[in-house]
Amino acid sequence: MGCGGSKEDVEAQPVLEETPVSVPNVQSEEAQEQIQVIETLQIDETKPSETTFIASVLRARQLHSDNVEIMTDCCTRLQSHNRGLKNYIAIADAQAVQEAVDAGWIGSCNDKKLIAVLCSRTKTQLQKTIKAYFQLYDKDLRKVVKGETGGDYGRMMYYAMSSRDSYIADVIDQACGGFGCDESMLVDLFVMFGQERLYAGKKVWEDKHDKSLIDYLNKELGHSYRHLRGLILKLLKDPQDAEDEVDEEKLTLQADMLRAETQKWTILGNDFNEDLVSETLSVNSVAANQRLAVLYENKYNQSLVKALEGKCAKRFHSALSGLLMERTDYIAKRLEEAFKGWTTDRKVLVRFLGGLDGDLMLGVAAAYERKYQRPLDHAVRNEIRGDGHMERACLTWLRALAEPTGGSEEFTEVDIESHGGEAPKLAHMLDALLIENDALLRFIVSLDVEVIREAVKGYGTDDTKLIRALATRNKQFLARVSVSYRAAYGEPLQKLVDEECDGWYAYLAKFLVVQEAQADSMLLDQALNTNGANKKNEQPETDVKALIEFLCARHPARVRAVKKKWEAANDMSLIDRLHDSLDGDMRRVALTMLKGKRDTDDNDEEVDEALVKKQTKRLFACVVEEPDVKETIDILCINSIGQNQAVSALFEDTYDMSLGRALGKAFAGNVKNALLALLQGPAQWYAASLRAAFQGMSHCDKTVCRILGAHDKNDVVQIALAYEKKYDTPLKADVASYCKGNYKRLAVAWIDLPDQLGQPTKKINLPTVASMDEAAKKSIGRNKIIDNDEDVDDDDENPENIPNPSSPLYKAKIRKWTRKLKEAEDLGNVYKAAYYRRLLVMYPPAPPGNPLLTGYLEALKAEYENGDKGIVKEWLHSGDGS
């Protein structure tokens, strides 16, 4: 059986050991349409009783977006699932980097692949890749890449792989390392980022060097740069105004102060006060500084930048000028300056580009194009054209077309508790998580396409890589891979399988790479020999075994879906086709099953007990006493699986023989096999069919491929469990014994390897319609009771309205308060319950001197002194009739 090939077992990708740690507006029509597309991918009309985790999240979002508890549960679990997908990408990226580093001759590196992996990710995702690389290879990825690259290309890669915080520490080291200090580099850094980001970078630098950054900068920036040093330290540690705060009155006073300072002349003994200017601009927000510059220019007919020129040192002036601009405008300006001159200042270029990602990168690109009327990537390409790896790395980093999350992490990688339990904010985050989930899956599809292409191109096929790519995915995902593969390389996966695989290896693989509906169509075509040669114009021979598998072991919804598809493709009625190709009792079985009259409630476990008893008696009569195949078929073909199993169990208990044995004695051949299939659950029947295939002498490979290949991974798991339970042998062990070569490796992998992208098995629990109706009734009742209570509260509180204890009205009051107490306790209204309990304590249910009070006082003492909770309430109920 099968063909030869490698004997090693295929293993799944390793899993990243993780400790829990800009997209379109998700309210926009475009985003909502994207979510609707996601929803359609989660619906399988052939499995009406099944749903996916994502489908349950979508339903929760649709029906319960105002429920804080449900929205929190959805966000928490989907965020965790998405992080698992990101970790998978990190593992794949780490392996791809290692392959790039190990490529070719000793000392060579596949730079194209290295750039494709590392320069098309966000800094957040790259940190996961760095961690995964440590886990897999026990090496620092940044050091490995630094050793494989060099020059400006190497620096670009090094800056790109730094985290957002470590980038700041790296630039400080670069600025202050070696001889002297590059003050312009520090100016760029401290103008480029806000205080929060700078402070995080400060912590990274101090952790790395075990010293104070403040002390270090004091040492590196000497007396001649004291004013610049003062400004940098203020930016680092002084609190700044909120970004949205613009105080016009305050800014007007600042403009007047700056005018006074810029009019001073040192020659007249009036020194320019650098510290005062630093104090002003460093504390203002960016928006406030921009507004200050406008106010100054409007009032004094001169730009503030021009007014400050010549009043202070060049580097200090550059820093002050930068603080008066939008950060993205400043970076765009510095990039344009790097392009000017005889040659491009590539050190400045890679330093700025390596620090950009996410919204900041988008903002800089937009600012550059607005200011200089050309796209930033076009400018970069023109300035470094022909510089091979450097050009490719910069342009890939700028475009970031393959960013895994679609830029959604700004909304998805936040603490869920930060939304303060507000349902609209949680629903907004959930929309972003859904879009991110789809973006991650699309990205992994593109990775799989390239993995498969790499496995088959060149001399020979890397079967291990190909089998892993196929066997660790579910059928729905493989269908997406097939579509993307066709778009990229002009052919579907089935054609690739035909070209690169052979024998039963190819036969099984062709079933695996299509969804279950398409696999069912393939099975039906084989059963009917639709494509078979027919030289004499005769009806093609029907494979009845395959037909039984299709009709009797599939859910009726799957049968109906394939029937519709087959008839559209062949322009004929499937019922007519079966009527012509079958005869006798097998024809009756097939037509009855195909007409879809089988009882298929969502819960097949529910049975009609009265009908079970009636059918058991009828089956004994028409199977054992006087065989009647027509009635037997009518009963078993219409029942649900659960109903048939209940009938089978009662038959055995009543008549001391199994219904299966009775059918075996009464009927033979294909009819017997079809009826027996209806008595078992699908997993049990497929397990038995596989066992028979392994022990048979012919056509066993075709059966194995059909059963394993036509079912998704979760169904194959159930078949494997049923197989081991029936035969006390793992299914994969028998597959390994009876199959050979790559055919065996693929079959075992499909059974044994998990779906590495599988959704959580536990769905989102949603309230039922009945529970929501009950809650609504309680809410209405509670409001009604509260309204009624409010009508009597004032009267009950007033001692003048309390009747005399000897009056009949007093007893009525007691009864009313007791009833109100019970209603409040049933509704969980703590305040109301306490209120009526207090009234009952204050006004005992008897006039003074009544012997009943003795019991009442004893009940009070028992509850409030001895801790016998609830005894007063019990006593009150017992005393109602007195």
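Since we're looking at a predicted model, the values are computed, not measured.

**Describing helix H41 (residues 713–727)**
Then step 1. Along its 15 residues, H41 runs 21 Å from first to last C-alpha, staying within 8% of the 21 Å computed at 1.5 Å per residue.
Then step 2. Every buried residue belonging to H41 is among Lys713, Asp715, Val716, Ile719, Ala720, Ala722 and Tyr723, and all of these are buried.
Then step 3. Against helix H25 (463–471), helix H29 (516–528), helix H39 (682–695), helix H40 (700–710), helix H42 (731–738) and helix H43 (741–752) lie the buried residues of H41.
Then step 4. Backbone geometry just after H41 places Asp728 at a positive phi near 55°.

**Some details on helix H22 (residues 388–399)**
Then step 1. Given a rise of 1.5 Å per residue, 12 residues ought to cover 16 Å, and the 17 Å separating the end C-alpha atoms of H22 matches this to within 8%.
Then step 2. Taken residue by residue, H22 has Met390, Glu391, Ala393, Cys394, Leu395, Trp397 and Leu398 as its buried positions.
Then step 3. Close packing links the buried residues of H22 with helix H4 (111–118), helix H5 (123–137), helix H7 (151–161), helix H19 (346–354), helix H20 (358–372) and helix H21 (376–383).

**Considerations on the packing of aromatic side chains**
Then step 1. Here the structure, examined in full by the defined rule, presents 17 aromatic pairs.
Then step 2. For the ring pair Trp205 and Tyr216, a centre distance of 4.8 Å and an interplane angle of 40° mean the geometry is tilted. Here Trp205 is found in helix H10 (residues 195–209), whereas its partner Tyr216 is found in helix H11 (residues 213–220), with 11 residues between them in sequence.
Then step 3. Taken together, a centroid distance of 5.0 Å and an interplanar angle of 50° make the contact between Tyr296 and Tyr300 tilted. Residue Tyr296 and its partner Tyr300 are both found in helix H15 (residues 286–300); the two are separated by four residues, about one turn of the helix.

**Brief notes about the environment of Glu196**
Then step 1. Mapped onto the fold, Glu196 is located in helix H10.
Then step 2. The class for Glu196 is exposed, based on a relative accessible area of 74%.
Then step 3. In this structure, the C-alpha to C-alpha distance between Glu196 and Leu235, residues 39 residues apart in sequence, is 10.0 Å.

**Quick look at unusual backbone geometry**
Then step 1. With a phi close to 55°, Asp210 is a non-glycine residue in the positive phi region.
Then step 2. Mapped onto the fold, Asp210 is located in the loop between H10 and H11.
Then step 3. Here Asp210 falls in the exposed class, since its relative accessible area comes to 70%.
Then step 4. Non-glycine residue Asn301 carries a positive phi angle of around 55°.
Then step 5. Along the polypeptide, Asn301 turns up in the loop between H15 and helix H16 (304–308).

**Structural notes on the side chain of Lys113**
Then step 1. Of note, Lys113 is situated in helix H4.
Then step 2. Reaching out from Lys113, the side chain makes a polar contact with the side chain of Glu99 at a distance of 2.6 Å.
Then step 3. When near neighbours in sequence (up to four residues on either side) are disregarded, Lys113 contacts Ala96, Glu99, Ala100 and Glu454.

**Looking at the environment of Ala488**
Then step 1. Mapped onto the elements, Ala488 comes out in helix H26 (residues 475–489).
Then step 2. For Ala488, a relative accessible area of 47% puts it in the partly exposed group.
Then step 3. Each C-alpha atom, one on Ala488 and one on Glu450, is 9.4 Å from the other, the two residues being 38 residues apart in sequence.

**Some remarks on the packing of H4 against H7**
Then step 1. At a minimum axis distance of 11 Å, the contact between H4 and H7 shows a crossing angle of 30°. Judged by the angle between their axes, H4 and H7 are roughly parallel. Note that H4 runs across H7; the crossing there is left-handed. Facing Asp111, Leu114, Ile115 and Leu118 of H4, the residues of H7 in contact are Tyr153, Met157 and Met161.
Then step 2. Considered class by class, the residues forming the contact of H4 with H7 number six nonpolar, no polar and one charged.

**Some thoughts on the environment of Ile633**
Then step 1. Structurally, the position occupied by Ile633 is in helix H35 (residues 629–638).
Then step 2. Look at Ile633 and you get buried, because its relative accessible area is 0%.
Then step 3. A sequence separation of 48 residues divides Ile633 from Asp585, and the C-alpha atoms of the two residues are 8.4 Å apart.
Then step 4. If near-sequence neighbours (up to four positions away) are discounted, Ile633 is found in contact with Asp585, Arg588, Val589, Thr592 and Leu675.

**Section: the pattern of salt bridges**
Then step 1. Counted according to the given criterion, the structure contains 43 salt bridges.
Then step 2. For the salt bridge of Arg142 with Asp170, the shortest nitrogen-to-oxygen distance reads 2.8 Å. You can see Arg142 sitting in helix H6 (residues 141–148) and its partner Asp170 sitting in helix H8 (residues 164–176), a full 28 residues away along the chain.
Then step 3. For Arg142, a relative accessible area of 12% corresponds to the buried category.
Then step 4. Sharing partners across several salt bridges, the network here consists of Arg83, Lys86, Glu409, Glu413 and Glu436.

**A closer look at the packing of helix H18 (residues 327–339) against H19**
Then step 1. Taken N-terminus to C-terminus, the directions of H18 and H19 make an angle of 155°; their axes are 8 Å apart at the nearest point. Considering their axes alone, H18 and H19 lie roughly antiparallel with respect to each other. As H18 packs across H19, the resulting crossing turns out to be left-handed. Every residue of H19 that contacts H18 at Ile331, Arg334, Leu335, Ala338 and Phe339 is listed here: Val348, Leu349, Arg351 and Phe352.
Then step 2. For the contact of H18 with H19, the per-class residue count stands at seven nonpolar, no polar and two charged.

What counts and how
- Residues numbered from 1 in each chain as written.
- Predicted model: local features only at pLDDT ≥ 70, side-chain atom pairs only at ≥ 80, totals over all residues.
- Heavy atoms only, no water.
- Helix = DSSP H or I, 4+ residues; strand = E, 2+ residues; numbered from the N terminus.
- Expected span 1.5 Å × (residues − 1).
- Buried < 20%, exposed > 50% of the residue type's maximum accessible area, 1.4 Å probe, protein only.
- Contact = heavy atoms within 4.5 Å.
- Phe/Tyr/Trp six-rings, centres within 6.5 Å; stacked < 30°, edge-to-face > 60°.
- Polar contact = N/O pair within 3.5 Å; in protein donor to acceptor, adjacent residues only side chain to side chain.
- Axes fitted to C-alpha atoms, helices over the stretch in contact; angles between N-to-C directions.
- Parallel < 35°, antiparallel > 145°, perpendicular 65-115°, else oblique.
- Left-handed = near helix turned anticlockwise from the far one by under 90°.
- Nonpolar A, V, L, I, M, F, W, Y, C, P; charged D, E, K, R; others polar.
- Salt bridge = Lys/Arg side-chain N within 4 Å of Asp/Glu carboxyl O.

Scope: geometric values only; no functional claims are made or implied.
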